[in-house]
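Commentary on secondary and tertiary structure
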Amino acid sequence: MPPRGRVPGATGPVLGRALRVLAAFTPDRPALRLSEVARRAGLPAATAHRVLGEFCEWGALERDEAGVYRVGLRLWELGALAPRGLGLRERALPFLEDLSQITRENVQLAVREGTEVVYIERIAGSGAVPVLTRVGGRFALTATGVGLVLLAHAPADVQEDVLHSPIERYTPETVTDPDRLRHLLADVRTHGFSISDRQVTSDALSVGAPIHDGRGQVVAAVSLVVRYGSAAPHTLAPLVMTSARAISRALG
């Protein structure tokens, strides 16, 4: 599968070539050599080398002594300016830390971008169950606690787009039937929280709740991820909902 955002064609406009070089770097391939960048970006080696050089000079990429390229700090600094990431994270972090200290479990903060979840903060609890998510990572809206919350409060056209597309199965418990998902989303809106029961990994359970802005719109979601069987989800829900309300007040 080509990297996200790849522009068709072997060359194309200057900006398109530059974006294709950046898109060659992915979570599973964060370090690449020139030949790998050229192949993944669909560019001649000479073109890729020139673009890589310009990015390294600016600080967007870094090249080590072995000739391996990685994402540079300049991109991290630029990404931190995204208002939905930085501002939300700064206001939410004290409440996320409180929830983590109380439960000693995984706490996650996420927003929706299109038909995917983007995680903007994660605090790993001591001895907590391992999770597949990472800060800056993306995931399907249909399986996680935060994803179900964000999908339940997404515009109708986004919901229909997701429900009419193939739904990936991660475990035997993953809900892939659109009618069952509609019922789950209705429950989220009715009760104010979501439960993802072993839908992503067979050893984890997640409870999520919506975060509202000053206008009452759902702009993010917070979740608590625990080891399956360690706690009843309905005992976790009040803690997660309290954190979500506190973050909402901070945003408002």
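Residues numbered from 1 in each chain as written. Predicted model: local features only at pLDDT ≥ 70, side-chain atom pairs only at ≥ 80, totals over all residues. Heavy atoms only, no water.

Identification of the chain as Glycerol operon regulatory protein from Amycolatopsis pretoriensis is taken from an unreviewed UniProt entry. Per UniProt, the comment on the chain under Function (unreviewed entry) is "May be an activator protein for the gylABX operon." (UniProt positions renumbered as here; feature names shortened; annotations may be inferred.)

Next up on the list: the overall build of the chain. In terms of helices and strands, the chain carries nine helices and nine strands. For the chain, the C-alpha atoms occupy an extent of roughly 60 × 40 × 35 Å along the three principal directions. Partitioning the contacts of the chain with sequence separation of at least 6, the portion at a separation of at least 24 is 52%. On the chain, roughly 13,100 Å² of surface is accessible, and the fraction owed to carbon and sulfur atoms is 55%. The distance from the centre of the 29 positive side-chain charges to the centre of the 26 negative ones in the chain is 3 Å. (Helix = DSSP H or I, 4+ residues; strand = E, 2+ residues; numbered from the N terminus. Contact = heavy atoms within 4.5 Å. Areas by Shrake-Rupley, 256 points an atom, 1.4 Å probe, with all protein chains shown as cover. Lys, Arg positive; Asp, Glu negative; His and termini not counted. Charge placed at Lys NZ, Arg CZ, Asp CG, Glu CD.)

Attention shifts here to the side chain of Ser223. Examined against the element boundaries, Ser223 turns out to sit in strand S9 (residues 218-227). For Ser223, the contacting residues outside a window of four places in its chain are Asn106, Val107, Gln108, Val146, Ser206, Val207, Gly208 and Val240.

This part covers the packing of aromatic side chains. Scanning the entire structure with this criterion turns up one aromatic pair. A cation over an aromatic ring shows up here: Arg198 above the ring of Tyr228, its NZ or CZ 4.0 Å from the ring centre. (Phe/Tyr/Trp six-rings, centres within 6.5 Å; stacked < 30°, edge-to-face > 60°. Lys NZ or Arg CZ within 6 Å of the ring centre and 35° of its normal.)

In spatial order, the strands read S1-S3-S2; together these three strands make up an open sheet with antiparallel pairing. This sheet does not close on itself; its edge strands, each paired only once, are strand S1 (31-32) and strand S2 (61-63). Where S1 and strand S3 (residues 69-71) come together, two bridges link them in antiparallel fashion. Residue pairing for S3: Leu32 is matched across the bridge by Tyr69. The sheet contacts of helix H3 (residues 45-58) involve S2 and S3, and relative to S2 the element is tilted by about 105°. (Pairing = 2+ DSSP bridges. Axes fitted to C-alpha atoms, helices over the stretch in contact; angles between N-to-C directions.)

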